[in-house]
Amino acid sequence: MTSTEFPRRELVFEEQASGSSLLLKRNCSISPGGMLRVFGLLALGSVGIATGFALAGAWLILPFAGLEVLALGAAFVVTARHAADFERIEVSNGRLTVEISEADRVDRYVLDPRVAKLRLEKDEGYGARVLLRAPGRDVEVGRHLDPEARMEFAAELKKRLRI
């Protein structure tokens, strides 16, 4: 895949007195309010057209328009649940903290950067997966990045961990 398929990002670790951190988020191009307005317009248009056909005698179209609006609403809910997903990687005070938020769940992993290993695994169609391996657990990071940025991220994280 080429980089034109994904938006490019700057990977900037924020320097703090005790270490550094990086926040990776999904590329969300519409706000929740904007998403609600788009859904409302689409639902109104679909129900309006169905009502016009129903008034012309094709009343059986109304239930199908209702199903269409329900399916569209379900798709919007799934998309909205993941709009705020993020990964926060923090290296400070001799600790490596990885916080991963997906939908309604937030997982927090605290690893020892001296024993953590950074590993790249090739994945067909996905580029490479970046894994932080520590005794007893593997944590995948950089999932919201395009393949090129994921490689840059892995190199920068490796420098910061001094692996």
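Everything below is about the structure printed above this text.
The shown structure was predicted, so the numbers you read here are calculated from the model rather than taken from an experiment. (Residues numbered from 1 in each chain as written. Predicted model: local features only at pLDDT ≥ 70, side-chain atom pairs only at ≥ 80, totals over all residues. Heavy atoms only, no water.)

A. Main features of the sheet that holds strand 2 (residues 19–25). Read from one edge of the open sheet, 5 strands run 1-2-3-4-5, paired in antiparallel fashion. Each end of this open sheet is capped by a strand with a single partner; those strands are strand 1 (14–16) and strand 5 (105–111). Strand-to-strand twist across the sheet, computed as the mean angle between neighbouring axes with direction ignored, equals 15 degrees. Bridging between strand 1 and strand 2 involves 3 bridges; their strand directions are antiparallel. Bridge assignment links Q16 to a residue of strand 2, and that residue is G19. (Pairing = 2+ DSSP bridges. Helix = DSSP H or I, 4+ residues; strand = E, 2+ residues; numbered from the N terminus. Axes fitted to C-alpha atoms, helices over the stretch in contact; angles between N-to-C directions.)

B. The arrangement of helix 1 (residues 32–55) in detail. Here helix 1 is 24 residues long and its end C-alpha atoms lie 34 Å apart, about the 34 Å a rise of 1.5 Å per residue gives. Contact partners of the buried residues in helix 1: helix 2 (61–81). Following helix 1 by one or two positions, G57 has its phi on the positive side, about 115 degrees. (Expected span 1.5 Å × (residues − 1). Contact = heavy atoms within 4.5 Å.)

C. How the structure looks around the sheet that holds strand 6 (residues 117–123). Spatially, 3 strands are ordered 6-7-8 in an open sheet, and the strand pairing comes out antiparallel. The sheet is open, and its two edges are formed by strand 6 and strand 8 (137–141), each paired on a single side. In this sheet, neighbouring strand axes are inclined to one another by 35 degrees on average, regardless of whether the strands run parallel or antiparallel. Here 7 bridges tie strand 6 to strand 7 (residues 127–134), and the two strands are oriented antiparallel to one another. Across the sheet, D123 pairs through a bridge with G127, a residue of strand 7. Its contacts with the sheet put helix 3 (residues 147–161) on strand 6, strand 7 and strand 8, and the angle it makes with strand 7 is roughly 25 degrees.

D. Region of the structure containing the pairing of strand 4 (residues 95–102). With 6 of 8 residues buried, strand 4 lies mostly within the body of the structure. Direction of pairing for strand 3 (residues 86–92) relative to strand 4: antiparallel, over a ladder of 7 bridges. Bridge assignment links S92 to a residue of strand 4, and that residue is R95. What sits between strand 3 and strand 4 in their antiparallel hairpin is a turn of 2 residues, with N93 showing a positive phi close to 50 degrees. In this sheet, strand 5 lies alongside strand 4 in antiparallel orientation, the contact comprising 7 bridges. By the bridge assignment, T97 is partnered in strand 5 with V110. Between strand 4 and strand 5, which pair antiparallel one after the other, the connecting turn spans 2 residues, and A103 there sits at a positive phi close to 55 degrees. (Buried < 20%, exposed > 50% of the residue type's maximum accessible area, 1.4 Å probe, protein only.)

E. Region of interest: the pattern of salt bridges. Tallied over the full model, the rule gives 16 salt bridges. Residue R26 is joined to D85 by a salt bridge in which the shortest nitrogen-to-oxygen separation is 3.2 Å. With R26 in the loop between strand 2 and helix 1 and D85 in the loop between helix 2 and strand 3, this residue pair connects regions lying 59 residues apart in the sequence. Since its relative accessible area comes to 40%, R26 is described here as partly exposed. Taking relative accessible area as the criterion, D85 reaches 1% and is therefore assigned buried. The closest approach of N and O atoms between E99 and R108, which form a salt bridge, is 3.7 Å. Taking the relative accessible area as the measure of exposure, R108 reaches 52% and is therefore exposed. Among the ionic contacts, a cluster of salt bridges with common partners joins R119, E121, R129, R133, D138 and E140. (Salt bridge = Lys/Arg side-chain N within 4 Å of Asp/Glu carboxyl O.)

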